[in-house]
Each structure stands twice: as C-alpha cells, then as structure tokens.
Amino acid sequence: MNTPANLVSGKECGTCAMCCKVYDFVDLRKKKGWCENFKTGIGCSIYAERPDSCRAFYCNWMLIEALGPEWKPNICKFVMTYDPSRSILVQVDTSYPTAWRAKPYYEALREWAVRLKSEKRFIFVFVGKNFTVLTAEAEYDLGLFDSSYELKFKTEFKGPVAIDIPYKHKKEGSPV
Ligand code: SF4
Ligand code: SF4
C-alpha cells in the first residue's frame with residue numbers, strides 16, 4: 001500500500017492509535033474498543049506489518065499541515081476525516097464524549113461550519129452512534145444514527161438567507 005502523496009512530512013502515528021479505537025477495522029478482533037495490537041505508550045505493536053485495512057487509513061491530522069499538535073487524535077480525543085461529500089467527520093472517543101466541545105476545538109469546528117456553508121458542506125460529529133450536525137447557523141443533535149437512517153436537509157429562508165436544516169430519515173425497508 002502506497003503512502004498518500006499529501007501525507008504531511010514529520011507527522012507520524014507514533015503512540016496514537018485513536019483510529020484503532022473509534023473505528024472497526026474489519027479483519028481484527030477488538031477488546032472493548034481497542035484493537036488487541038494496541039499497546040499503551042507504544043501505539044500499534046505491529047505497525048510495520050499492520051493489515052492493509054489499517055494501512056489504508058490516514059486521518060486528517062496526518063494530511064493537513066495546518067492542524068497543529070493539539071489536533072493529534074490521541075491529544076484531542078477524536079479522529080477527523082472527510083466524508084464522500086467532503087464534509088468533516090469527527091469521530092469522538094466515547095471515553096471522552098465531550099472532548100470536541102473543549103477549547104479550541106468547538107470554536108474551530110463552528111468556524112469551519114460557517115466557511116463550508118457555500119459549498120453545502122457540514123461538520124458531522126459522532127460520539128459512538130450519537131450524531132450531531134454543525135451547520136453555519138446552529139447545532140442539531142439527531143440522536144441515534146446508524147445505517148438504517150439517511151441524512152436529509154430541508155431549506156428554510158430567513159429573509160434572503162437560505163438555512164440548511166438537517167434531519168434523519170428511516171430508510172425504506174429498515175425495521176422500525
Ligand atoms: S488517528 Fe491518525 S495519527 Fe492516530 S494512529 Fe490513526 S492515522 Fe495515525
Ligand atoms: S493492527 Fe495496529 S493499526 Fe491496525 S487496528 Fe490494530 S493497533 Fe490499529
């Protein structure tokens with residue numbers, strides 16, 4: 001597996017393995033969230049030989065130079081990626097469910113939500129399966145959100161300004 005061309009020089013996973021905790025990498029057994037290959041103070045104990053599913057993953061901290069050391073996932077306690085629409089996905093360590101609300105993170109996420117409005121991009125925050133959407137104007141807690149739901153938006157107008165309001169919709173055929 002090749003390293004992506006945009007990997008920021010000098011950024012390394014090191015002792016971080018937050019993605020190993022907050023995501024399910026498919027071909028590994030996990031113990032209470034952490035992969036069995038994670039060792040405190042070391043990180044991934046099989047890093048050089050880690051499976052392709054792990055090797056293929058790079059969080060935004062590794063790819064975006066402007067994100068300083070405070071944004072490293074084992075420091076901030078959440079992992080950021082892009083979803084297919086280039087909205088920002090924030091997957092929070094459930095041991096620290098309010099970490100994303102701390103300074104300087106929440107203020108930055110709100111600011112990004114404002115900047116992304118014109119591109120119809122948003123900030124999606126997951127704490128486990130609890131889903132919150134940050135738009136330019138507001139924060140929406142949509143509660144439990146899993147693969148049986150899809151995210152939709154309706155548009156309301158405040159004067160000339162279009163406001164995107166997210167809501168969840170049960171997919172057809174999904175059990176109620
Ligand atoms: S969350 Fe990012 S920095 Fe941490 S181990 Fe995963 S890819 Fe590396
Ligand atoms: S094998 Fe290593 S990189 Fe992969 S999930 Fe486990 S600790 Fe993380």
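In this text, all values refer to a predicted model and were calculated from it rather than measured experimentally.

1. A look at the overall build of the chain
Of the regular secondary structure elements, the chain holds five helices and eleven strands. In summary, the chain has a C-alpha radius of gyration of 17 Å against a globular reference of 16 Å for 176 residues, a match within 12%. For the chain, the C-alpha atoms occupy an extent of roughly 55 × 40 × 30 Å along the three principal directions. Among the 176 residues that make up the chain, the fraction classed as buried is 22%. Contacts in the chain between residues at least 24 apart in sequence constitute 41% of all its contacts with a sequence separation of at least 6.

2. Some remarks on the site of ligand 2
In the vicinity of ligand 2 there are eleven residues, among which C20, C35, N37, C44 and C54 approach most closely. Class assignment of the residues belonging to the shell around ligand 2 gives a composition of nine nonpolar, one polar and one charged.

3. What to know about the site of ligand 1
Around ligand 1, the neighbouring residues are C13, C16, A17, M18, C19, F57, Y58, C59, W61, M62, P73 and V79. Every element with two or more residues in the shell around ligand 1 is listed here: helix 1 (18–22) and helix 3 (60–63).

4. Digging into the domain arrangement of the chain
Each assigned domain of the chain is listed with its residue range as follows: domain 1 (12–57) and domain 2 (58–170). For domain 1 and domain 2, the distance between their C-alpha centres works out to 24 Å. Across the boundary between the two partners, domain 1 contributes eight residues, which contact eight residues of domain 2. When the residues that make up the side of domain 1 that touches domain 2 are grouped by side-chain class, the tally is six nonpolar, one polar and one charged.

About the criteria used
- Residue positions are given per chain, counting from 1 as you read along its sequence in written order.
- All chains are assigned letters beginning with A, and all ligands numbers beginning with 1, in the order in which they are written.
- Note on the predicted model: pLDDT of at least 70 is required for a residue's local features to be given, and 80 or more for side-chain atom pairs to be given and counted; whole-chain, interface and lining totals, by contrast, use all residues.
- Numbering of helices and strands starts at the N terminus; helices are DSSP runs of H or I of at least 4 residues and strands are runs of E of at least 2.
- Each radius of gyration is computed over the set of C-alpha atoms, and the globule rule expresses the reference value as 2.2 Å times the number of residues to the power 0.38.
- With C-beta atoms placed from the backbone, the exposure class of a residue follows from how many other C-beta atoms lie within 10 Å of its own: 20 or more, buried; 12 or fewer, exposed; in between, partly exposed.
- For the purpose of contact definition, each residue receives a C-beta atom placed from its backbone, and two residues are in contact when these atoms lie within 7 Å.
- We call a residue near a molecule or strand when its C-beta atom, built from the backbone, sits within 6 Å of it.
- For this classification, the nonpolar set comprises Ala, Val, Leu, Ile, Met, Phe, Trp, Tyr, Cys and Pro, the charged set comprises Asp, Glu, Lys and Arg, and every other residue, Gly included, is treated as polar.
- An automatic or database domain assignment supplies the start and end points of every domain.

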